[in-house]
Amino acid sequence: MLVKVFRYDCVAPEEVNVKCFEDIQGIVGGLVEVPLWDIKGFPVNRTPERTILVNGEGLVQGLPLNPNFTRENAFVGHIVVAPEGWEDLPYCIEEGEDE
């Protein structure tokens, strides 16, 4: 599944092929969370076609502000924007089939 990755140290998003949930964990660097609120307390703009995934412990870990989301929503660390169906990915590749 192709996801968009917005890294805090790069302003250009990249498309990355993920095969399992652990791939997403590796990108965000920890506990994956679907945020309802950003770090400023504003609601996250969500659509059925895309889900924003963040490191749920990013603030505690002291991750830097992601410059790609300062206008719409403010997040820290690397951000994954996943298409519909991401929640159906296997946890690890051994539990599912290669796509």
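You'll find the structure just up there.
Computed from a predicted model, the values in this text were never measured in an experiment.

Conventions and cut-offs
- Residues numbered from 1 in each chain as written.
- Predicted model: local features only at pLDDT ≥ 70, side-chain atom pairs only at ≥ 80, totals over all residues.
- Heavy atoms only, no water.
- Patch = residues over 30% accessible without salt bridge, like charges linked within 9 Å, V, L, I, M, F, W, Y side chains within 5 Å.
- Areas by Shrake-Rupley, 256 points an atom, 1.4 Å probe, with all protein chains shown as cover.
- Salt bridge = Lys/Arg side-chain N within 4 Å of Asp/Glu carboxyl O.
- Lys, Arg positive; Asp, Glu negative; His and termini not counted.
- Charge placed at Lys NZ, Arg CZ, Asp CG, Glu CD.
- Helix = DSSP H or I, 4+ residues; strand = E, 2+ residues; numbered from the N terminus.
- Pairing = 2+ DSSP bridges.
- Phe/Tyr/Trp six-rings, centres within 6.5 Å; stacked < 30°, edge-to-face > 60°.
- Buried < 20%, exposed > 50% of the residue type's maximum accessible area, 1.4 Å probe, protein only.
- Contact = heavy atoms within 4.5 Å.
- Arc of directions from axis to C-beta.

### Description of a negative patch on the surface
On the surface, Glu 49, Glu 84, Glu 87 and Asp 88 cluster together into a negatively charged patch. Along the chain, Asp 88 falls in the segment after strand 5 (79–83).

### A word on the sheet that holds strand 1 (residues 2–6)
Read across the open sheet, the 5 strands follow the order 2-1-5-4-3; overall the sheet is antiparallel. Unpaired on one side and paired on the other, strand 2 (14–17) and strand 3 (32–33) mark the two borders of the sheet. The sheet contact formed by strand 1 and strand 5 spans 3 bridges and is antiparallel. Bridge pairing links Val 5 to Val 80 in strand 5.

### Some thoughts on the packing of aromatic side chains
Tallying each qualifying case throughout the model produces 1 aromatic pair. Residues Phe 21 and Tyr 91 carry aromatic rings whose centres are separated by 5.9 Å and whose planes lie at 35° to one another, so their mutual orientation is tilted. Here Tyr 91 lies in the segment after strand 5 and Phe 21 lies in helix 1 (residues 21–28), a separation of 70 residues in the sequence. Judged by relative accessible area, which is 41%, Tyr 91 ranks as partly exposed.

### Re the environment of Phe 75
Mapped onto the elements, Phe 75 comes out in the loop between strand 4 (50–55) and strand 5. Other than its neighbours up to four places away in sequence, Phe 75 contacts Pro 35, Asp 38, Ile 39, Val 44, Ile 52, Val 54, Pro 64, Leu 65, Asn 66 and Phe 69.

### As for helix 1
Inspection of helix 1 places Phe 21, Ile 24, Ile 27 and Val 28 among the buried residues, and these make up the whole buried set. Seen along its axis, helix 1 keeps its buried residues to an arc of 115°; they face one direction. Packing partners of the buried residues in helix 1 comprise strand 1, strand 2, strand 3, strand 4 and strand 5. Looking one or two places after helix 1, you find Gly 29, whose phi comes out positive at around 85°.

### Looking at the pairing of strand 4
Of all 6 residues in strand 4, 5 are buried; the element is thus mostly enclosed. Bridge analysis of strand 3 against strand 4 gives 2 bridges, and the strand direction is antiparallel. Paired with Val 32 across the bridge in strand 4 is Asn 55. Sheet topology places strand 4 next to strand 5; 4 bridges connect them, and they run antiparallel. If you follow Leu 53 over to strand 5, its bridge partner there is Val 80.

Geometry only, nothing functional implied.
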